[in-house]
Amino acid sequence: MTDAALLLARIAGGDRNALQALYQAQSVRLFGVAMAILRDREAASDALHDGFVNIARRAGMFDPALGRAEAWLATVIRYAALDIARRRGREIPTDDATLGETPADATQLDTLAADEDGARLRACLEGLPEKNRQGILLAFVNGLSHPQIAARLELPIGTVKSWIRRGLLSLRECLT
Amino acid sequence: MTPEERDALAAEYVLGTLEAREAEALRDAMATDAALAEAVSAWERRLAPLSALAQPEAPPPGLWARIEQSLNPAPMRRQWRFPWPVLGLGASAVAAGLAAFIVLRAPPPPAMMTVLLTSREQPAWLVEARGDTIHLAALNRQQVEPGRVAQLWALPQGATAPTSLGLVPEGGRFSVTPASIRPSPGMLIEITLEPPGGSPTGRPTGPILFIGRLSPASGT
């Protein structure tokens with residue numbers, strides 16, 4: 001088990017020091033996950049707050065047999081950030097010129113973990129048509145809605161929806 | 001729903017492109033649809049490595065303190081005082097005469113207790129554990145949304161999964177004597193929202209409605 005998994009087990013047992021240790025070890029990475037979606041430090045702080053309160057209460061639900069603790073933590077924070085984005089009607093600045101390129105540029109996939117899962121996902125993403133891949137990354141990493149992705153890629157919403165859906169289908173097949 | 005539709009919906013939920021109402025409906029559906037929950041979990045695992053594409057950034061310095069405050073809303077002493085008169089257990093020495101009266105009349109002091117709080121940190125249930133039995137008393141009117149039930153859980157310190165203590169009956173007070181675990185200090189007590197008949201998986205599947213941690217009641 002990783003350190004984070006051990007800390008989660010201690011948190012499930014009510015160890016508040018373990019929660020603080022987890023925060024110290026993971027908050028920079030997880031705040032980055034929330035910032036990528038919300039692009040506003042105050043909103044991202046709310047997401048990290050809600051996420052860590054959830055982690056404290058739900059640590060017992062983490063099952064190390066089903067995946068890595070770091071991934072579970074990022075999932076909790078992402079959902080907290082997406083909930084905030086939805087509550088705000090996703091009125092989030094998307095005119096950041098670097099936004100599209102940063103995560104969607106294939107070379108940026110270099111930051112994907114070099115472990116087996118990261119490498120396989122990267123290979124599968126690189127096999128997708130450019131706009132399918134961009135749509136998936138803008139949604140997952142930056143929390144953009146279908147209309148926001150459509151505006152950014154200058155495509156009709158219906159096209160974006162079906163490209164993303166097709167991209168996900170290919171990913172699933174590729175990862176099988 | 002065909003398996004393909006289910007999987008496509010699960011994928012869009014994990015991707016984050018469902019709108020608020022759709023995402024909420026899917027979370028509700030996961031509580032009763034194990035195949036859907038399984039599909040969501042599989043997509044979470046597939047896409048998890050993408051979180052590494054976000055640029056790490058340090059959170060503001062005061063954030064940990066704020067999280068800690070949300071988890072410990074008030075000093076224990078203040079929580080204790082709140083429900084005492086309701087239950088006739090004697091507050092701190094408010095008036096000597098009254099205190100004496102209560103000591104004579106009161107049942108043996110509880111070995112452990114807590115107050116279950118809502119997600120907004122509002123007190124909702126008083127919990128006392130005496131011996132093997134856990135007593136609960138509602139501190140205000142509780143309403144469960146139609147078509148759902150409230151289920152009580154206990155998570156002993158060090159345990160990895162909570163144990164169901166059964167469904168919460170309607171009405172303000174009830175007691176349970178768990179068969180497999182004993183009330184112990186530090187034990188988490190929580191009530192979650194579940195589908196009719198209770199969680200189908202044996203673990204909480206719905207949101208936590210109320211939560212608190214048992215503490216020794218010494219010093220009262």
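Computed from a predicted structure; not experimentally measured.

Draft legend 1. Representation of the overall build of chain B within the structure. Each helix and strand in chain B was counted, giving seven helices and nine strands. Taking all 220 residues of chain B together, the buried fraction comes to 45%. Surface exposure of chain B reaches about 11,200 Å², of which carbon and sulfur atoms provide 56%.

Draft legend 2. How the structure looks around the pattern of salt bridges. What the rule picks out here adds up to 15 salt bridges over all chains. A salt bridge links R68(A) to E70(A), with the nearest nitrogen and oxygen atoms 3.4 Å apart. Ionic pairing is found between R27(B) and D83(A), a salt bridge with its closest N-O pair at 3.1 Å. Residue R27(B) is found in helix α2 (residues 20–32), and its partner D83(A) is found in helix α4 (residues 69–87); the two belong to separate chains. Take R27(B): its relative accessible area is 31%, and that puts it in the partly exposed class. In this structure D83(A) comes out as partly exposed when scored by relative accessible area, which is 25%. What you see here is one network of salt bridges that share partners, running through D83(A), R86(A) and R27(B).

Draft legend 3. Region of the structure containing the nonpolar core. Membership of the largest hydrophobic core comes to 81 residues, with the highest contact counts inside it found for L8(A), L22(A), F52(A), I55(A), L125(A), Y13(B) and L50(B). Among the elements that take part in this core, helix α2 (residues 16–38) of chain A stands out by supplying twelve residues, more than any other. Filtering out sequence-adjacent residues up to four positions away, F52(A) remains in contact with L19(A), L22(A), Y23(A), L30(A), I77(A) and I67(B). Core analysis: the second largest hydrophobic core is formed by 21 residues, M112(B), A124(B), I134(B) and L165(B) among them.

Draft legend 4. Here's a closer look at the confidence of the model for chain A. Of all residues in chain A, 88% have pLDDT values of 70 or greater, and the mean over the chain is 87. Helix α5 (residues 97–104) of chain A is the least confidently modelled element of chain A, averaging 51 in pLDDT, while helix α9 (residues 157–175) of chain A averages 95, the highest of any element.

Draft legend 5. Structural context of the interface of chain B and chain A. Chain B puts 56 residues into the contact, and the matching count from chain A is 61 residues. Summed over both sides, the interface between chain B and chain A buries roughly 5,300 Å², with carbon and sulfur atoms accounting for 60% of that surface. It is L15(B), L53(B) and W64(B) that lose the most area in chain B upon contact with chain A, and together they represent 14% of the buried surface on that side. Between chain B and chain A we count five salt bridges in total.

Draft legend 6. Fine view of the state of the cysteines. Residue and element names in this part refer to chain A. In total, this model carries one disulfide over all chains according to the counting rule given. Note on cysteine connectivity: C124 is disulfide-linked to C174, with sulfurs 1.9 Å apart. Judged by the sign of its S-S torsion, about -85°, the cystine formed by C124 and C174 is left-handed. Of this pair, C124 sits in helix α6 (residues 116–126) while C174 sits in helix α9; the two residues are 50 residues apart in sequence, bridging distant segments of the chain. Looking at C174, the relative accessible area reads 40%, which means it is partly exposed.

Parameters at a glance
Residues numbered from 1 in each chain as written. Chains lettered and ligands numbered in written order. Predicted model: local features only at pLDDT ≥ 70, side-chain atom pairs only at ≥ 80, totals over all residues. Heavy atoms only, no water. Helix = DSSP H or I, 4+ residues; strand = E, 2+ residues; numbered from the N terminus. Buried < 20%, exposed > 50% of the residue type's maximum accessible area, 1.4 Å probe, protein only. Areas by Shrake-Rupley, 256 points an atom, 1.4 Å probe, with all protein chains shown as cover. Salt bridge = Lys/Arg side-chain N within 4 Å of Asp/Glu carboxyl O. Core = buried A, V, L, I, M, F, W, Y, C linked by side-chain atoms within 4.5 Å. Contact = heavy atoms within 4.5 Å. pLDDT = per-residue confidence, 0-100. Buried area = accessible area lost by both parts, 1.4 Å probe. Disulfide = S-S within 2.5 Å.

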